Amino acid sequence: MLTVALAVSLAPLSQHAAAAETRETVREAAQPAVLRVGAKRELKRPSDAAKIAQDGDTVEIDAGTYEGDAAVWQQHRLTIRGLGGRAHLRANGAHAEGKAIWVIKGNNTTIESVEFSGAKVPHRNGAGIRLEGAGLTVRDCYFHDNENSILTVANQASDIVVEHSEFAHNGYGDGQSHNLYIGNVRTFMLRFSYVHHAVVGHNVKSRALRNHITYNRIMDENDGRSSYAVEFPNGGLALVIGNVIQQGPATENPTIVSYGAEGLLHPLNELYFVNNTVVNDRPAGGRFLFVRAGADAARIVNNVFSGRGELLSGPGDLRNNVTAAKTDFVDPAGFDYRLKVGAAAIGRGIDPGTAYGFELRPTAEYAHRAAMRTRSSSGKLDLGAFKYQSQSRSKP
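Since this is a predicted model, take the numbers as computed values, not measurements.

When helices and strands are counted, the chain shows 2 helices and 37 strands. Along the three orthogonal principal directions, the C-alpha set of the chain runs to about 105 × 45 × 45 Å. Of all 396 residues assigned to the chain, the portion counted as buried reaches 53%. A fraction of 65% describes how many contacts in the chain between residues 6 or more apart in sequence connect residues 24 or more apart. For the chain, the accessible surface area stands at approximately 16300 Å², while carbon and sulfur atoms represent 51% of it. Seen as two clouds, the 43 positive and the 40 negative side-chain charges of the chain have centres 3 Å apart.

Below is the structure:
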């Protein structure tokens, strides 16, 4: 009888304890957590974290190489970052859903200090990151030797920011995959990044409604074979400011920047191309810019163009640009296009005005590698991507 009584009396306590433990587990699960991944941690691979992460969590991945690991991230508001350096996701044949190393299905994801390489899938468009949710920020990342780096689906509630990152040697080689390919999203911002050596495809391709392409280095250099350096195939609002853009001698397309080649499909189609330095090293020359007839506006102001070719094919307002000799640059063979003393572009700038509340006068400069520096507003405005400084004071 005593045993029965004890069992009856303890049962409610055990049930209450279990219920309390369940409530505590639920409460803790609702709080953002920091999940740590690494060879000496309980979670060995990023895909292990992807299986248990909750909305709002931070995933920190120890620097090092993670071979053959791919993941689908379902959660919202994740921050995923390398810890102590970049975490290198080397695909080595692995892919998630036949799409990418990482497929991001959640919204508002931030990815920092991660390297993606070797993405290949049967459809020949394997990406480092395939974005299927809305909203992505990529910072201090490196994408190389993939069939695509970042590939996004169409989502007009999605805003994409890429900054301080490098993209190199991405593309399958069929011209249908690119170094960086942004779909029909609401906004795309690319800044302070180094995009180079696309494999036959374009270095930067964006179908976004609104684009901010500012203070980047976009190049083929000596041996790159990209098609367009920058393309907006469906138009949209494109603010292209303070970039260093170079087309190499082995390019497969004579046009460097293309706007609206596949049709102007957005409600607003305006291009503002301001204070860029654009160099064409294609021996046969070509076209620096193509703008499709029917664009609402194309304002091309304060740029430095160098090399052979037609400045503009199509409608546009060419204002206060200069065609410069290679001798105007500090080290053109080394792709250092800062201005030398006596360059024709020094002090020649005019106020480029504003567009939809955005100041078009450059406030920064690209600094190699995938960095930036503030551009002084003192004195007269110089043309191109760089403000002239005596070489004893300036660094590339």
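Attention now moves to the nonpolar core. Counting 63 residues, the largest nonpolar core has W73, W102, I111, I150, F188 and F273 as the members making the most contacts within it. Once residues within four sequence positions are removed from consideration, I111 is found in contact with I80, W102, I104, F116, I129, L136, T137, V138, R139 and C141. Judged by nonpolar contacts, the second largest core, of 15 residues, contains A324, F335, A385 and F386.

A word on the pairing of strand β33 (residues 336-339). The two faces of β33 match: D336 and R338 on one face and Y337 and L339 on the other face are all buried. Summarising the sheet, strand β32 (residues 329-331) and β33 pair through 2 bridges and their orientation is antiparallel. From the neighbouring strand, F329 faces β33, where its bridge partner is L339. Between β32 and β33, which pair antiparallel in sequence order, lie 4 residues; one of them, F335, sits at a positive phi of approximately 65°.

Checked against the element boundaries, S165 lands in the loop between β12 (155-163) and β13 (166-168). What makes S165 buried here is its relative accessible area of 0%. One polar contact links the side chain of S165 to the main-chain amide nitrogen of D140, over a distance of 3.3 Å. With sequence-adjacent residues up to four places away left out, S165 is seen in contact with V138, R139, D140, C141, F192, S193, Y194 and A370.

The next thing to look at is the environment of N303. With respect to the helices and strands, the residue N303 is situated in the loop between β27 (297-301) and β28 (304-307). Taking the C-alpha atoms as reference, N303 lies 19 Å from D220; in sequence the two are 83 residues apart. Aside from chain neighbours lying at most four places away, what touches N303 is F273, V274, N275, N276, N320, N321, V322, L383 and G384. Within the structure, N303 has its side chain in polar contact with the backbone nitrogen of N276 (distance 2.8 Å).

Take the packing of aromatic side chains next. Inspection of the entire model under this criterion finds 8 aromatic pairs. Between F192 and Y215, the aromatic rings sit 6.1 Å apart at their centres with planes inclined by 10°, giving stacked as the arrangement. Here F192 is found in the loop between β15 (185-191) and β16 (194-196), whereas its partner Y215 is found in the loop between β18 (210-214) and β19 (217-219), with 23 residues between them in sequence. Both residues of the pair, F192 and Y215, belong to the buried class. A network of ring pairs unites the aromatic residues W73, W102, F116, F143 and F167 as a single cluster.

This paragraph deals with the side chain of Q247. Along the chain, Q247 falls in strand β22 (residues 244-247). Given the relative accessible area of 1%, Q247 is considered buried. At 3.4 Å, the side chain of Q247 and the side chain of T251 are in polar contact. A distance of 3.3 Å separates the side chain of Q247 from the backbone oxygen of T255, its partner in a polar contact.

Take unusual backbone geometry next. For the peptide bond that leads from H368 to R369, omega is 25°, which places it in the cis range. By secondary structure assignment, the location of R369 is in the loop between β36 (364-367) and β37 (371-374). Unlike most non-glycine residues, H197 shows phi in positive territory, near 60°. Exposure remark for H197: the relative accessible area of 7% places this residue in the buried category. For Y356, which is not glycine, the phi torsion reads 55° and is therefore positive. You can see Y356 is positioned in the loop between β34 (354-355) and β35 (358-359).

Moving on, we get to the pattern of salt bridges. Between side chains of opposite charge, a pair can form as their charged atoms come close. Evaluation of the coordinates by the stated rule reveals 26 salt bridges. R217 is paired through a salt bridge with E221; the nearest N and O atoms lie 3.1 Å apart. Put simply, R36, E60, R81, E112, R139, E163 and R191 are held in one network by salt bridges that share partners.

Let us now look at the confidence of the model for the chain. Averaged over the chain, the pLDDT score is 93; the fraction of residues at 70 or greater is 91%. Between residues 1-27, whose pLDDT stays under 50, and residues either more than four places distant or in other chains, the model counts 0 contacts.

Note: strand β2 (residues 58-67) against strand β4 (residues 79-90), 9 bridges, orientation parallel. From the neighbouring strand, E67 faces β4, where its bridge partner is R90. Two strands pair when backbone bridges link them, and β4 and strand β6 (residues 109-112) are joined in this way by 3 bridges, in the parallel orientation. Counted as the bridge partner of R81 is E112 from β6.

How each quantity is defined
Residues numbered from 1 in each chain as written. Predicted model: local features only at pLDDT ≥ 70, side-chain atom pairs only at ≥ 80, totals over all residues. Heavy atoms only, no water. Helix = DSSP H or I, 4+ residues; strand = E, 2+ residues; numbered from the N terminus. Buried < 20%, exposed > 50% of the residue type's maximum accessible area, 1.4 Å probe, protein only. Contact = heavy atoms within 4.5 Å. Areas by Shrake-Rupley, 256 points an atom, 1.4 Å probe, with all protein chains shown as cover. Lys, Arg positive; Asp, Glu negative; His and termini not counted. Charge placed at Lys NZ, Arg CZ, Asp CG, Glu CD. Core = buried A, V, L, I, M, F, W, Y, C linked by side-chain atoms within 4.5 Å. Pairing = 2+ DSSP bridges. Polar contact = N/O pair within 3.5 Å; in protein donor to acceptor, adjacent residues only side chain to side chain. Phe/Tyr/Trp six-rings, centres within 6.5 Å; stacked < 30°, edge-to-face > 60°. Salt bridge = Lys/Arg side-chain N within 4 Å of Asp/Glu carboxyl O. pLDDT = per-residue confidence, 0-100.

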